[in-house]
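Here are the chains, one letter per residue:
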There are 2 protein chains.
Amino acid sequence: MSNARQILTLEGEFPMHRGGILTRPNLAYETWGELNENRDNAVLVFTGLSPSAHAASSPRDPSPGWWEQIIGPGLSIDTRRYFVICVNSLGSCFGSTGAASVNPETGEPYRLSFPVLSLEDVARGGWEVVRHLGIERLHTVLGPSMGGMSALAFEILFPGMSSGLIVISSGPRSLPFATALRSLQREMIRRDPLWQNGNYDADTMPLVGMRLARKLGMITYRSAEEWRVRFGRERASEECEPDDPFCLDFEIEAYLEHHANKFTGQFDPNCYLYLSRASDLFDVADHGATIEAGLSKIQVDRVMVVGVETDFLFPSHQQEELAAKLAASGRDVEYVLLESIQGHDSFLVDMDRFRPTIAQFFT
Amino acid sequence: MSNARQILTLEGEFPMHRGGILTRPNLAYETWGELNENRDNAVLVFTGLSPSAHAASSPRDPSPGWWEQIIGPGLSIDTRRYFVICVNSLGSCFGSTGAASVNPETGEPYRLSFPVLSLEDVARGGWEVVRHLGIERLHTVLGPSMGGMSALAFEILFPGMSSGLIVISSGPRSLPFATALRSLQREMIRRDPLWQNGNYDADTMPLVGMRLARKLGMITYRSAEEWRVRFGRERASEECEPDDPFCLDFEIEAYLEHHANKFTGQFDPNCYLYLSRASDLFDVADHGATIEAGLSKIQVDRVMVVGVETDFLFPSHQQEELAAKLAASGRDVEYVLLESIQGHDSFLVDMDRFRPTIAQFFT
């Protein structure tokens, strides 16, 4: 499955943005296409909270990636022209070092001894991979959702490292509504008795908490309008137990159940907590007195900011704000608002709208 | 505290809308003002999911009610002119019979042996109180949120029982987005190990599940815009434990914690489950082939439908639909869309907008 994955082990210590260090952390990544002679065709992709670095299939790993219809030969990010790199976020659990990894200093998993994670650390992890690949300057850095904030952090921390930037369904900071939802997801996991302050075993994971958190995630990733059209008041086909007055008999309940079943067990709960908190903590204004001051550090030639009308986790006024404030300092900024009805997750599913939008930036 | 509360005990059996019976159920209610000689000034108020019948203070119970600024002498529903009745929903836990009540047939609490609850049962409970008070026809029936659906059920089941109807921040059915949220709230409670399939004791309630459900409730009752303005990225004043990487340090997290603390222990978890499910099950179209056919049974002279722009639990297109379909059969329908930023809960907090809106109907 993962034989396209490459691992970069950093030598020495990795200083974390909010304090603490990691010793010889790993960074997992995949690449597609070839770096050209001028080394100027590299594209760096940051991911949302839960995906791995497997953004697209390749001969070494033919399983479909999370952005299968965007990255590939002849696709929106054409791997016949571009050398595409996708990094598993530092703090995640798909090859990069996170709370589930063994701390080489102790021989034990980090668990909650993992330092506070920031998207600035995720950005620096991406930078390390890029440098390791011998790339001085990227063609474009991009990312959806949390990956959009990681891309912003990258551009702020490493000004001039890319000429293009695409921020998708993201924003310059977390707003309290999104923080409330993420905080509640974390509490669902932490309140699961099996969580045990992070000291669960592989065979006694806090799966109930993870299921609840995933269901709330699904609710925040889609839109009311999509579900109204798609499910209405349909009942699920499976019969309910006659003595269960709270049986999940609406189709929408069965849908959430299905998605929770798919997700649970795949993602480490502690890693989820760290990445979720990192999203809450992110604020461009931490890099200056204001969002404007933070953004002013970004040195790119061209920016595209993409938003979706039905997204309520990162509502479109956040993309509008980001685009306006990036453009205020004279940058070439394009703001695209898409009419997708699938909410925040549109970048994963509404390919009819996202394919041409991303393609346009790379032509 | 509750010495304004009156209890009506029904004789014999109460047949439930979706099957099963209750034996000699209680219905708790409060009244304000006086019934006039013509007995035509009575106003019946149904509540949202969680309130008791204590909608307003009175000499017998001076504690503030949940609609303190709407019901009273000289207020929007002027108790010098109107005789106001508020009923604790059947299935709730503030005096009316619900899952936490003792089944007189067994001497044990109903718990999950309580029959499936429908808002049609809540409506019939209100009708029983009205008949008990010797009222043939009401001036107006009204209710916010779940109470608005109960009011619709009342008008469909007892056509001609009132001349006026006000439906506030509600709709003709539950849509899948709202059902998803309520279903998840129920799952949070049912997944609490202390729930024990409903067989918890008073001193071992599933309080963790109730806290989580209440927090999700608060998130769905307010709006992202209100919280953006009110909390932004403010940090809470209390210090975090240095070793807790997931401490609730954003002001919005402290706010949710405060509300969860206030609520928990006040409401019986099983009753919450039954009322929540009753909201999901409600559909005017169950009373005809379509919503239109169901609504056609309603015989009132005047309707007001009130919605709030920032409500995403009962979005304003549901009130618009309800008003349009009620008006299609030639009824006198007024649709009011308010600009409140407090979302679904606006009817409880945005008194500057709700006071005059409700008052207008009663002048």
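Residues numbered from 1 in each chain as written. Chains lettered and ligands numbered in written order. Predicted model: local features only at pLDDT ≥ 70, side-chain atom pairs only at ≥ 80, totals over all residues.

1. Examining the overall build of chain A
Right, on to step 1. In terms of helices and strands, chain A carries 11 helices and 14 strands.
Right, on to step 2. The globule rule puts the C-alpha radius of gyration for 363 residues at 21 Å, and the 20 Å found for chain A is close to it.
Right, on to step 3. C-alpha atoms of chain A, sized along the principal axes, occupy 70 × 50 × 45 Å.
Right, on to step 4. Expressed as a percentage of the 363 residues in chain A, the buried residues total 56%.
Right, on to step 5. When contacts within chain A are restricted to residue pairs at least 6 apart in sequence, long-range pairs at least 24 apart make up 70% of them. (Helix = DSSP H or I, 4+ residues; strand = E, 2+ residues; numbered from the N terminus. Rg over C-alpha atoms; globule rule 2.2 N^0.38 Å. Buried ≥ 20, exposed ≤ 12 C-beta atoms within 10 Å, placed from the backbone. Contact = placed C-beta atoms within 7 Å.)

2. Notes on the interface of chain A and chain B
Right, on to step 1. The partner chain B presents 41 residues to the 41 residues of chain A that form the contact.
Right, on to step 2. Elements with a minimum of two residues in the side of chain A that touches chain B: helix H3 (176-190), helix H4 (207-221), helix H5 (224-230), helix H6 (251-263) and helix H7 (269-281) of chain A.
Right, on to step 3. A per-element tally of the side of chain A that touches chain B places H3(A) first, with 11 residues.
Right, on to step 4. Partitioned by chemical class, the residues of the side of chain A that touches chain B number 26 nonpolar, 3 polar and 12 charged. (Nonpolar A, V, L, I, M, F, W, Y, C, P; charged D, E, K, R; others polar.)

3. Here's the deal with the sheet that holds strand E8 (residues 83-87) of chain B
Strand pairing within a sheet occurs via backbone hydrogen bonds; the two strands may be parallel or antiparallel.
All names here are of chain B.
Right, on to step 1. Taking strand neighbours across the sheet as the criterion, the 8 strands line up as E1-E4-E8-E5-E11-E12-E13-E14 in an open arrangement whose pairing is mixed. At either end of the open sheet lies a strand with only one pairing partner, and these are strand E1 (6-9) and strand E14 (332-338). Put simply, the sheet's adjacent strands are angled 20° from each other on average, direction ignored.
Right, on to step 2. The pairing of strand E5 (residues 42-45) with E8 spans 4 bridges and is classified as parallel. Residue pairing for E8: Val45 is matched across the bridge by Cys86.
Right, on to step 3. On the sheet, helix H1 (residues 119-132) packs against E1, strand E4 (26-32), E5, E8 and strand E11 (138-144) and is oriented at approximately 140° with respect to E8.
Right, on to step 4. Each of strand E12 (162-168), strand E13 (302-308) and E14 touches helix H11 (residues 351-361); the most contacted strand, E14, lies at about 175° to it. (Pairing = 2+ DSSP bridges. Axes fitted to C-alpha atoms, helices over the stretch in contact; angles between N-to-C directions.)

4. Concerning the relation of the copies chain A and chain B
Right, on to step 1. Superposing chain A onto chain B takes a rotation of 180° combined with a translation of 0.0 Å along the rotation axis, leaving an RMSD of 0.0 Å. Seen this way, the second copy is the image of the first under a two-fold rotation axis.
Right, on to step 2. The residues that chain A uses at the interface reappear at the interface of chain B in 100% of cases, marking a shared surface. (Least-squares fit on C-alpha atoms with pLDDT ≥ 70 in both.)

5. Considerations on the environment of Arg230(B)
Residues and elements named next belong to chain B.
Right, on to step 1. Summarising the element assignment, Arg230 is placed in helix H5 (residues 224-230).
Right, on to step 2. Classification of Arg230 as partly exposed rests on a count of 15 C-beta atoms within 10 Å.
Right, on to step 3. Each C-alpha atom of the pair Arg230 and Asp345 lies 15 Å from the other, and the pair is 115 residues apart in sequence.

6. A few points about the domain arrangement of chain A
Residues and elements named next belong to chain A.
Right, on to step 1. The assigned domain composition of chain A is domain 1 (6-175 + 283-361) and domain 2 (179-271).
Right, on to step 2. A C-alpha centroid distance of 27 Å is found between domain 1 and domain 2.
Right, on to step 3. Contacts between the two partners involve 18 residues from domain 1, matched on the other side by 14 residues from domain 2.
Right, on to step 4. Class assignment of the residues belonging to the side of domain 1 that touches domain 2 gives a composition of 7 nonpolar, 9 polar and 2 charged. (Domains from an automatic or database assignment.)

7. Points about the pairing of strand E14 (residues 332-338) of chain A
Residues and elements named next belong to chain A.
Right, on to step 1. Two strands pair when backbone bridges link them, and strand E13 (residues 302-308) and E14 are joined in this way by 7 bridges, in the parallel orientation. When the bridges of E14 are listed, Val306 appears paired with Val336.
Right, on to step 2. With helix H9 (residues 316-328) bridging E13 and the parallel E14, this β-α-β connection has right-handed handedness. (Right-handed = clockwise from strand over helix to strand, strands pointing away.)

8. Observations concerning the confidence of the model for chain A
Right, on to step 1. On average, residues of chain A score 95 in pLDDT, and 99% of them reach the 70 mark or higher.
Right, on to step 2. Quick note on the complex model: pTM equals 0.95, ipTM equals 0.94. (pLDDT = per-residue confidence, 0-100.)

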